[in-house]
Amino acid sequence: MNAISSKILEKKVIIRLNDRTCDTPEELLSSELFTRILKMAIAELTRRNSILLDIFENRDNITEQDIKLLVDTFLYAYKMPINLISQVVKGSDHFASDPELLNDFIQFLYNYWRNFERFIVCYSEEGEDLEKRPYRTFHATIEKLNHLVRRVYRDLQCNISHHPKVYRQVVAGAEMAAISVSKAFPFKGEMYQKLNEVPLIRQICAYPPLVLDPPMNKRTGKFERVEENPMELVDINPDEWLCYPAKVGPLVINVYFHEKFFDLGFSLCNLFEIADDEELNKRPDAIYLFGVPGHELDGLAKLPTVFYDDLENDMFVGAIPNEDRFGYFGYLKKMVLTLHNIRRMKEGSMPFHGAMARIVLKGNKAANILIMGDSGAGKSETLEAFRVLGADYIQDISVVADDMGSLAINDKGEVMAYGTEIGAYVRLDDLNPGYAFGQLDRAILMNPSQKNARTILPVTNLRNITKGHKVDFVLYCNNFEQIDEDHPIIGQFKTPEQAIEVFRSGAVMSKGTTTSTGLIHTYFANVFGPAQYREVHEEIVTKFFANFFENKVFVGQMRTRLSMAGCERKGPEEAAKELLNMIQNSN
């Protein structure tokens, strides 16, 4: 291939290019990467003692020369019948002796290649400006490779065995590609300059639905504030890293992710918008090193999921090692949101862990609903149930925040809400099946065969999350209490103090999204910043809850019963119905 380099890393294939991939079948079949994949496939068949190895004359002693002979055979077999190849490739007779077996071998090789997670990184050199013509660049890379691999596979099948009767247009090349550029940020502090060597992502091309299988399916612990800057400890090899400049609400957070976690890093495209050129001329609001090699972080905290508040250089730094136990998208997403929350608190805003939507009913009655609560409480599930059940009444529903956001008070004294993500990272089990399957064409699925299987879906746009929406209803999401006369589906608090007590308790029955089990209490259901800066947060909370009651904002508690057997869908659906009634009867 016309690649700067290619690397096979565990279950991933990473191809780095300047501009294009292979142009011809000859280039593909003669490439170093093809030979490496072929050798790995043969090694796997050897481990299994597969009958497919009988394509070789001596299956028990397959040499480098045998593999080269097979490649040479393929170089002719894609363009001429297999029974004629022995006339031009000496020693290829044995491969043609059983065409059906050779065809089965090719089918195995094709599937073996497609079982890798496959990424292309296209580097735009100075003066090339590939990011200004992304469609052309992606056509010359990911699109071309996709068609070329399928073409070679099918031509080999036709000349060895028979034409396929069914053509399945699967993704045969790379599944995701990025155009990256060199970019120097105006960091303060010499230690940050090494980050300017890391290529910066400007565009991503993906072929959903993507099914990824990272090594972990849940998160544990919380992110610890430490007294030593990780940037002083870690070395950065720019050839192994990429930077995703994430637009997180009104902030820009540079996420630097190591190649070990390319699957998770690329998946950010379904969750956070990529920052625009103007924003990249400024210093980012925070940086995050996801997947630090080695053991440099081990001594910083009991669990090396850490962040540092660099007051001198006005920078927040998050860092996590590249060990398998941290190979879960939740570690990526939640640290980004932690850094966002801390930065916003320092600006006087109140971060929230919750979902918010602007709902407009037919007749133009509108309400902005903020639902706070911990992971698995039923926030997103209730809003999705609302979307389905209220279809006959809803004129429009816009997601402002799916999981995290912040509140600020405007010049009129009104509390305004801002989101952070354009996407949702939700449990498959808790989604309406029709909705989940209806979104497959945009989805990134993670660990679909395991407990806590997740999908990342785009659900809103940058304008909705950054515009600012006046808050009309604030609800705490309770997933563990049964409903009765004293515990209605939605109940209203009478005082700020009563409300703060429930919100501060942060009670939730664990749904298995982390390693915690049973009924747990988390300060404001938010270990992502407020718990680490509790004194700062308490002062902010007192101010905002007083404002809610002064401005007659509805503050209450909603019982979703999501953790109760038999109520996984029924609970959020009934909560959604009650929410609809509440909006219809509001002034």
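Attention in this report is confined to the structure presented alongside it. (Residues numbered from 1 in each chain as written. Predicted model: local features only at pLDDT ≥ 70, side-chain atom pairs only at ≥ 80, totals over all residues. Heavy atoms only, no water.)

### Quick notes on the pattern of salt bridges
Summed over the entire model, instances satisfying the criterion amount to 29 salt bridges. A salt bridge links Asp-54 to Arg-59; the nearest nitrogen and oxygen atoms lie 2.9 Å apart. Overlapping salt bridges, with partners in common, bring together Lys-333, Lys-334, Asp-403 and Glu-421 in one network. (Salt bridge = Lys/Arg side-chain N within 4 Å of Asp/Glu carboxyl O.)

### Here we look at the nonpolar core
Counting 79 residues, the largest nonpolar core has Tyr-244, Phe-266, Leu-407, Phe-503 and Phe-545 as its most contacted members. The element best represented in this core is helix H8 (residues 329–346), accounting for 9 residues. Here Phe-503 is in contact with Met-372, Val-474, Leu-475, Tyr-476, Phe-493, Phe-524, Ala-525, Phe-545, Val-555 and Gly-556, once residues within four sequence places are set aside. Ranked by size, the runner-up nonpolar core spans 58 residues in total, among them Val-13, Leu-69, Ile-120 and Val-152. (Core = buried A, V, L, I, M, F, W, Y, C linked by side-chain atoms within 4.5 Å. Buried < 20%, exposed > 50% of the residue type's maximum accessible area, 1.4 Å probe, protein only. Helix = DSSP H or I, 4+ residues; strand = E, 2+ residues; numbered from the N terminus. Contact = heavy atoms within 4.5 Å.)

### Quick notes on the pairing of strand S15 (residues 365–372)
With 6 of its 8 residues buried, S15 lies for the most part within the structure. Where strand S14 (residues 350–361) lies against S15, 8 bridges are found, and the strand directions are antiparallel. When the bridges of S15 are listed, Gly-354 appears paired with Met-372. The hairpin formed by S14 and S15 contains 3 residues between the paired strands, and Gly-363 there has a positive phi angle of roughly 100 degrees. Here S15 pairs with strand S23 (residues 473–478) via 4 bridges, running parallel. Across the sheet, Met-372 pairs through a bridge with Tyr-476, a residue of S23. (Pairing = 2+ DSSP bridges.)

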